[in-house]
Amino acid sequence: MKLGGIEAGGTKMVCAIGDEQGNIFDRTVFPTETPDITVPKMIDYFRDKSIEALGIGCFGPVDLNRKSDTYGFITSTPKLAWRFYDIVGAFREALQVPVGFDTDVNGAVLGEVRFGAAKGCENALYITIGTGVGVGVYINGKLLHGLMHPEAGHIFLQKHPEDTYEGCCPYHGTCLEGLASGPAIQGRYGKKGAELAGREDVWELESYYIGQAVADYMMTYSPEKIILWGGVMHQEKVFDMVRKNAKEFLNGYLPEVSLPKDLSQYIVAPALGENPGIIGALCLAQEEIKCSR
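Presented here is an overview of the structure given in this document. Since we're looking at a predicted model, the values are computed, not measured.

**A short note on the overall build of the protein chain**
Link 1 in the chain: Looking only at helices and strands, one finds 8 helices and 12 strands in the protein chain.
Link 2 in the chain: The C-alpha radius of gyration of the protein chain comes to 19 Å, within 12% of the 19 Å expected for a compact globule of 293 residues.
Link 3 in the chain: Seen along its three principal axes, the alpha-carbon backbone of the protein chain occupies a region of about 55 × 40 × 35 Å.
Link 4 in the chain: The buried share of the protein chain, reckoned over its 293 residues, is 54%.
Link 5 in the chain: Looking at the protein chain alone, contacts between residues at least 24 apart form 62% of all its contacts between residues at least 6 apart.
Link 6 in the chain: When the accessible surface of the protein chain is summed, it comes to about 13500 Å², and 50% of that surface belongs to carbon and sulfur atoms.
Link 7 in the chain: For the protein chain, the distance from the average position of its 27 positive side-chain charges to the average position of its 37 negative side-chain charges is 2 Å.

Rendered as structure tokens:
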């Protein structure tokens, strides 16, 4: 199959041509400006590529309910120019091909399940911790949708007793995103995470919150694999700190027969490097062909 994929992010749009085996033959990147500027450029990129379907993994919130009048729309995003924009409709009308659609993180977990670190898993999570926190959830062999898509980056956490930061989430203050995202690090210390690489206290606190969230996800979703990524997780030492904190928060509650003995093989980085999202978008395109038959 010749498939198109879009990883639609808040700062850039990655567009690619590939196949159902996860191979990428061509790609390009456009800045995320307004729909009137960015979408025509992406349409022009795909127009002469003879793709059979397009998959879009998109920043959100988005409407994934196929029965909804606004299915395929970006909804209440803080990026005002994209609010209630029919992104699926725009590409479907212009390219006249099936268009698969999901969140960027659901796309990423799908890519890792098909071709990466969670290959063979029936249940897996992909957690990205960067400008925001997003969680892609793959449960019982399919992407999880309910009233909407999971917004597990906004779970509420127990604050560290020595942390006085009020949190940066405008909705919840001290949720996971409010306490552990890139902007939370900058808000707390006045510097970006990359500038604080040598500060052990920064990463101890960060891993306290991420480890707590991972323990929560283990008990609620019961995943077979947890994949962590995003700008914050580019600090490699944080992985071991997160594993240690997650185990401490579990406090022996999960039985030994179910808890993996080696968490270094359970809480992992993506095997697809920086490509889970765009490869996942190709997977969404393939899935849409099946749905449209």
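Okay, back to it.
**A look at the pairing of strand β4 (residues 53-58)**
Link 1 in the chain: Counting buried positions along β4 gives 6 out of 6 residues, so the element sits mostly inside the fold.
Link 2 in the chain: Residues A53, G55 and G57 of β4 are buried on one face, and the alternating residues L54, I56 and C58, pointing to the opposite face, are buried as well.
Link 3 in the chain: In the sheet, β4 pairs with strand β7 (residues 99-103) via 5 bridges, with the strands oriented parallel. Paired with G55 across the strands is G100, a residue of β7.

**Some remarks on the nonpolar core**
A general trend in soluble globular proteins is that nonpolar side chains are found buried together.
Link 1 in the chain: I127, I210, V214 and L228 are the most contacted members of the largest nonpolar core, which has 56 residues in total.
Link 2 in the chain: If we skip the residues at most four places from it in the chain, L228 touches I127, I129, I210, M233, F239, V242, I267, V268, A269 and P270.
Link 3 in the chain: Residues I17, M42, I56 and V88 belong to the second largest nonpolar core, which totals 29 residues.

**Describing the environment of P78**
Link 1 in the chain: With respect to the helices, strands and loops of the structure, P78 is situated in the loop between β5 (73-74) and β6 (85-86).
Link 2 in the chain: Spatially, the C-alpha atoms of P78 and V214 are 26 Å apart, while their sequence positions differ by 136 residues.

**Overview of the environment of K225**
Link 1 in the chain: Structurally, K225 is set in strand β11 (residues 225-229).
Link 2 in the chain: A C-alpha to C-alpha distance of 9.5 Å links K225 and V113, two positions 112 residues apart in sequence.
Link 3 in the chain: If sequence neighbours within four positions are ignored, K225 has contacts with A117, A118, C121, N123, A124, L125, Q265, Y266 and V268.
Link 4 in the chain: Among the polar contacts made by the side chain of K225, one reaches the main-chain carbonyl oxygen of Q265 at a distance of 2.7 Å.

**Things to note about the sheet that holds strand β12 (residues 267-268)**
Link 1 in the chain: In spatial order, the strands read β10-β9-β8-β11-β12; together these 5 strands make up an open sheet with mixed pairing. This sheet does not close on itself; its edge strands, each paired only once, are β10 (142-143) and β12.
Link 2 in the chain: Here helix α6 (residues 200-221) sits on the sheet in contact with β8 (124-129), β9 (133-139), β11 and β12, set at roughly 155° to β8.

Analysis parameters
Residues numbered from 1 in each chain as written. Predicted model: local features only at pLDDT ≥ 70, side-chain atom pairs only at ≥ 80, totals over all residues. Heavy atoms only, no water. Helix = DSSP H or I, 4+ residues; strand = E, 2+ residues; numbered from the N terminus. Rg over C-alpha atoms; globule rule 2.2 N^0.38 Å. Buried < 20%, exposed > 50% of the residue type's maximum accessible area, 1.4 Å probe, protein only. Contact = heavy atoms within 4.5 Å. Areas by Shrake-Rupley, 256 points an atom, 1.4 Å probe, with all protein chains shown as cover. Lys, Arg positive; Asp, Glu negative; His and termini not counted. Charge placed at Lys NZ, Arg CZ, Asp CG, Glu CD. Pairing = 2+ DSSP bridges. Core = buried A, V, L, I, M, F, W, Y, C linked by side-chain atoms within 4.5 Å. Polar contact = N/O pair within 3.5 Å; in protein donor to acceptor, adjacent residues only side chain to side chain. Axes fitted to C-alpha atoms, helices over the stretch in contact; angles between N-to-C directions.

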